[in-house]
Amino acid sequence: MRWMNQMNIEKSLFAVVLLSSGLGFSIAASSSPAGDQGMEYSANGADTCLLCHTEAWAYPIYPIFKTKHANRADKRTPFAGLQCEACHGPGGKHATTGSKDAINSFKETSFLSVRQRNEACLGCHQGNARVGWVGSTHETSNLACTSCHQLHVEHDPVLARATQPEVCYKCHLKERAEFNKPSAHPVRFGLLTCSECHSPHGSIAVAMLARPTLNQTCYTCHAEKRGPFLWEHAPAAEDCSLCHSPHGSAHASLLKKDPPLLCQQCHAVAGHPSVAYTSAALPGGGGGGAAFLLSGGCINCHSQVHGSNHPSGIKLMR
Ligand code: HEC
Ligand code: HEC
Ligand code: HEC
Ligand code: HEC
Ligand code: HEC
Ligand code: HEC
Ligand code: HEC
Ligand code: HEC
Ligand code: HEC
Ligand code: HEC
């Protein structure tokens, strides 16, 4: 990660991060004399913490040692530097008293605000996908990094396709219902997941979409719908969601309505040259006429509803 190249996980730097976030911890290394608030680092880093927070501790601490954060060979990680306190902040006082008022738990009950807790992570994670974080809907809705992420588990559920949706559904109940509809993107089968269409850390697009426009987001997987087409169908080039519900729908093919109603939102039936195109005029056609035309669904004839590359596909029929 480029963002960490110039980053040197030093105690002083951590203190600067904290100070700039208004925490007011004294710049105290383990060797410094106690500050006003007694907020200094513990004497032996994780070794101190683990004296009390043993494997028998009710909250499982140890799985963190199986994660990237514990990779001491990587100088950017917490465990190559201040260890537990790189995230939890100076814990010298806590380590002598066991008082929970002297250590940031990252929980709602923490003495730090959401913003201050997030800054403990952003001190190392400002770049890449988090560029859009500040000002994003999630940031302004006061979400914490830990609303989605778990750090003391071997596999953070939000990072895996199969387990991510449950994390989001904690707050997004409507979306769970949408993905359970008869026609839906196969999120519930683990074939794709929220973060393939959305950037949960924020983006420049509407609805925090992963690409600058809605259509570009769809084209990442449905490239054949991008064209260019000899004969474009204007609404398809403009906005897929004019006809499709991106999450799920009661109608086939994720459609918002079934044809002909779908089409008739924009196309007047009256304008259609129905006389010349009764089914009698079609190869193998019989009776039926206008009744077929209106009930059979427009896409029986206009099958190339996303655009056509056929020289005579101007009416989107081939
Ligand atoms: C002397 C034993 C002891 C040591 C050493 C110790 N802790 Fe604790 N820690 C406790 C106890 C006891 C609690 C539970 C406090 C409570 O629930 O009131 C606790 C709770 C915590 C909590 C949760 C606080 C909360 O608000 O629920 C965190 C986070 C924590 N410790 C981190 C650390 C870190 C990091 C270190 C090393 C710098 C450390 N502890 C060292 C005894 C210790
Ligand atoms: C990469 C950052 C990070 C590091 C490093 C880290 N923790 Fe944590 N820790 C967290 C977060 C985030 C939580 C909140 C977990 C949650 O919300 O479920 C937490 C929670 C805790 C809790 C409280 C759990 C509870 O609900 O009572 C304790 C105790 C704790 N950590 C101890 C430690 C100890 C000891 C170490 C070092 C061995 C350590 N942590 C290293 C991020 C970290
Ligand atoms: C001292 C710096 C540091 C701190 C503090 C820190 N991280 Fe990290 N984090 C890292 C590094 C380094 C990696 C590994 C990056 C890599 O391998 O590309 C990492 C990886 C991650 C990953 C990806 C894990 C994976 O398996 O791919 C997540 C998620 C993450 N951190 C979230 C957090 C959160 C949330 C916090 C705050 C509670 C936090 N980090 C605090 C340095 C830090
Ligand atoms: C709304 C849920 C959510 C919140 C809040 C959230 N994340 Fe994430 N984060 C995700 C998801 C989902 C992924 C995996 C998909 C991806 O890479 O975009 C991820 C991936 C990551 C990664 C590893 C992949 C990468 O991009 O490097 C890091 C590091 C990370 N988040 C840090 C943070 C930090 C720091 C915060 C707080 C400022 C935060 N996240 C807040 C959902 C969230
Ligand atoms: C802790 C609660 C919480 C979690 C967990 C959560 N969100 Fe959200 N999300 C919100 C809130 C609050 C809003 C803003 C109000 C709303 O639109 O419901 C929001 C808005 C959104 C929006 C609309 C953004 C916009 O600008 O219109 C998207 C997309 C979104 N979340 C995706 C996700 C995804 C994907 C995940 C899982 C990786 C997730 N959320 C997890 C609380 C959460
Ligand atoms: C196939 C792509 C795709 C997937 C997968 C996807 N979304 Fe969306 N989502 C969209 C699009 C496109 C929109 C914007 C809809 C619009 O503006 O008409 C959207 C909108 C949203 C909104 C805002 C809704 C509103 O009413 O403003 C939320 C919240 C959301 N998605 C959450 C999720 C969650 C949670 C998941 C995973 C369980 C998810 N999305 C998976 C494409 C997707
Ligand atoms: C990350 C990949 C991905 C993205 C992005 C994506 N899709 Fe899909 N889409 C799929 C997959 C996978 C299927 C299921 C294919 C299958 O069942 O054969 C699918 C199926 C569909 C279907 C057919 C559903 C059915 O019941 O036959 C429609 C319509 C559709 N997507 C529209 C969209 C639209 C509109 C967007 C943009 C908002 C979009 N997709 C973005 C992966 C994606
Ligand atoms: C004018 C309405 C309309 C618009 C706009 C539209 N579609 Fe469709 N789409 C349909 C209809 C109708 C079907 C069903 C076709 C069928 O059953 O033969 C369909 C089917 C699909 C399918 C599944 C069958 C197939 O052809 O692969 C996908 C995927 C799809 N659309 C993606 C998209 C994408 C991506 C966009 C935006 C670029 C888009 N659609 C815009 C009407 C539309
Ligand atoms: C959101 C509005 C909208 C919807 C919904 C819509 N269309 Fe269209 N359609 C248009 C526009 C705009 C044009 C371009 C008209 C023009 O160039 O005069 C067009 C062009 C066409 C044409 C070519 C007309 C010509 O004169 O070349 C056909 C055929 C067509 N649409 C069929 C359909 C069918 C079938 C459906 C339903 C599956 C449908 N449309 C849904 C807006 C829509
Ligand atoms: C039986 C086949 C058939 C069905 C079903 C059908 N159409 Fe057509 N449609 C045609 C043919 C053929 C033309 C070309 C007329 C021409 O070239 O003048 C046409 C032309 C059009 C045009 C362009 C009109 C123009 O002025 O050139 C639109 C828009 C259109 N149809 C929409 C629809 C809609 C909406 C439906 C469903 C309500 C529908 N069609 C059902 C065969 C059909």
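The rules behind the values
Residues numbered from 1 in each chain as written. Chains lettered and ligands numbered in written order. Predicted model: local features only at pLDDT ≥ 70, side-chain atom pairs only at ≥ 80, totals over all residues. Heavy atoms only, no water. Salt bridge = Lys/Arg side-chain N within 4 Å of Asp/Glu carboxyl O. Helix = DSSP H or I, 4+ residues; strand = E, 2+ residues; numbered from the N terminus. Buried < 20%, exposed > 50% of the residue type's maximum accessible area, 1.4 Å probe, protein only. Donors = N, O, S within 2.8 Å, 3.2 Å for Na, K, Ca; no water. Tetrahedral: all angles 85-135°; square planar, octahedral: opposite > 155°, others 65-115°. Contact = heavy atoms within 4.5 Å. Phe/Tyr/Trp six-rings, centres within 6.5 Å; stacked < 30°, edge-to-face > 60°. Polar contact = N/O pair within 3.5 Å; in protein donor to acceptor, adjacent residues only side chain to side chain. pLDDT = per-residue confidence, 0-100. Core = buried A, V, L, I, M, F, W, Y, C linked by side-chain atoms within 4.5 Å.

Engineer: Please provide a residue-by-residue account of the pattern of salt bridges, values included.
Structural biologist: Following the criterion strictly, the structure yields 7 salt bridges and no others. A salt bridge links Glu-196 to Arg-161, with the shortest nitrogen-to-oxygen separation between them at 3.0 Å. Within this pair, whereas Glu-196 is found in helix α10 (residues 194-197), its partner Arg-161 is found in the loop between α7 (145-148) and α8 (164-169), the two being separated by 35 residues in sequence. Owing to a relative accessible area of 34%, Glu-196 belongs among the partly exposed residues under this scheme.

Engineer: Kindly report on the coordination of the iron atom of ligand 6, identifying the contributing residues and their values.
Structural biologist: Angles between donor atoms at a metal ideally measure 109.5 degrees for a four-coordinate tetrahedral arrangement and either 90 or 180 degrees for a six-coordinate octahedral one. Every protein donor of the iron atom of ligand 6 is accounted for by His-198 (NE2) and His-247 (NE2), and the metal-donor separations fall at 2.0 Å. Angles of 87 to 179 degrees at the metal separate the 6 donor atoms of the iron atom of ligand 6, which places the site in the octahedral class. Taken together, the residues His-198 in the loop between α10 and α11 (214-219) and His-247 in the loop between α12 (234-238) and β3 (248-249) connect sequence positions 49 residues apart. With relative accessibility at 25%, the residue His-198 sits in the partly exposed group.

Engineer: Can you tell me about helix α5 (residues 114-122), naming the residues and giving the values?
Structural biologist: An α-helix turns once per 3.6 residues; consequently, residues spaced three or four apart project the same way. Considered for burial, the residues of α5 that qualify are Val-114, Gln-116, Arg-117, Asn-118, Ala-120 and Leu-122. Considering only its buried residues, α5 is in contact with α3 (84-88) and α7.

Engineer: Would you mind going over the coordination of the iron atom of ligand 3 in detail, with residue names and values included?
Structural biologist: Distances from the iron atom of ligand 3 to its protein donors, His-69 (NE2) and His-125 (NE2), fall within 1.9 to 2.0 Å. For His-69, a relative accessible area of 23% gives the class partly exposed. A residue is classified by how much of its surface remains accessible, and His-125, at 26% relative accessible area, is partly exposed.

Engineer: How would you summarise the packing of aromatic side chains if you had to cite specific residues and measurements?
Structural biologist: The geometry of two aromatic rings is summed up by the distance between their centres and the angle between their planes. If you walk through the whole model with that rule in mind, you get 2 aromatic pairs. Pairing Tyr-62 with Phe-65 gives two aromatic rings, centres 5.5 Å apart and planes at 70 degrees, and the pair type is edge-to-face. Judged by relative accessible area, which is 35%, Phe-65 ranks as partly exposed.

Engineer: Give a description of the environment of Asp-156 that names residues and reports values.
Structural biologist: Topologically, Asp-156 is positioned in the loop between α7 and α8. Those residues in contact with Asp-156, other than ones at most four positions away along the chain, are Cys-148, His-149 and Gln-150. A distance of 2.7 Å separates polar atoms of two side chains, one belonging to Asp-156 and the other to His-149.

Engineer: Any chance you could break down the environment of Thr-97 for me, citing the residues and the numbers?
Structural biologist: Inspection of the secondary structure puts Thr-97 in helix α4 (residues 92-97). Of the polar contacts made by the side chain of Thr-97, one reaches the backbone nitrogen of Ser-99; its length is 3.1 Å.

Engineer: Break down the confidence of the model for the chain for me, citing the residues and quoting the values.
Structural biologist: Regions with low pLDDT should not have their predicted coordinates read in detail. Summarising the model, the chain shows a mean pLDDT of 83, and 78% of its residues fall at 70 or more. Counted against residues more than four places away or in other chains, residues 1-38, with its pLDDT under 50, gives 61 contacts.

Engineer: Please give an account of the side chain of Thr-217 that cites residues and values.
Structural biologist: Topologically, Thr-217 is positioned in helix α11. A relative accessible area of 6% means that Thr-217 is categorised as buried. A polar contact is formed between the side chain of Thr-217 and the backbone oxygen of Thr-213, at a distance of 2.9 Å. Setting aside chain neighbours within four positions, we find Thr-217 in contact with Cys-197, Leu-209, Ala-210 and Arg-211.

Engineer: Please set out the nonpolar core residue by residue, giving values where relevant.
Structural biologist: Grouped together as the largest cluster of nonpolar side chains are 8 residues: Ala-46, Cys-49, Leu-50, Ile-61, Ile-64, Ala-70, Phe-79 and Cys-84. For this core, the element with the most residues is helix α2 (residues 46-52), which contributes 3 residues.

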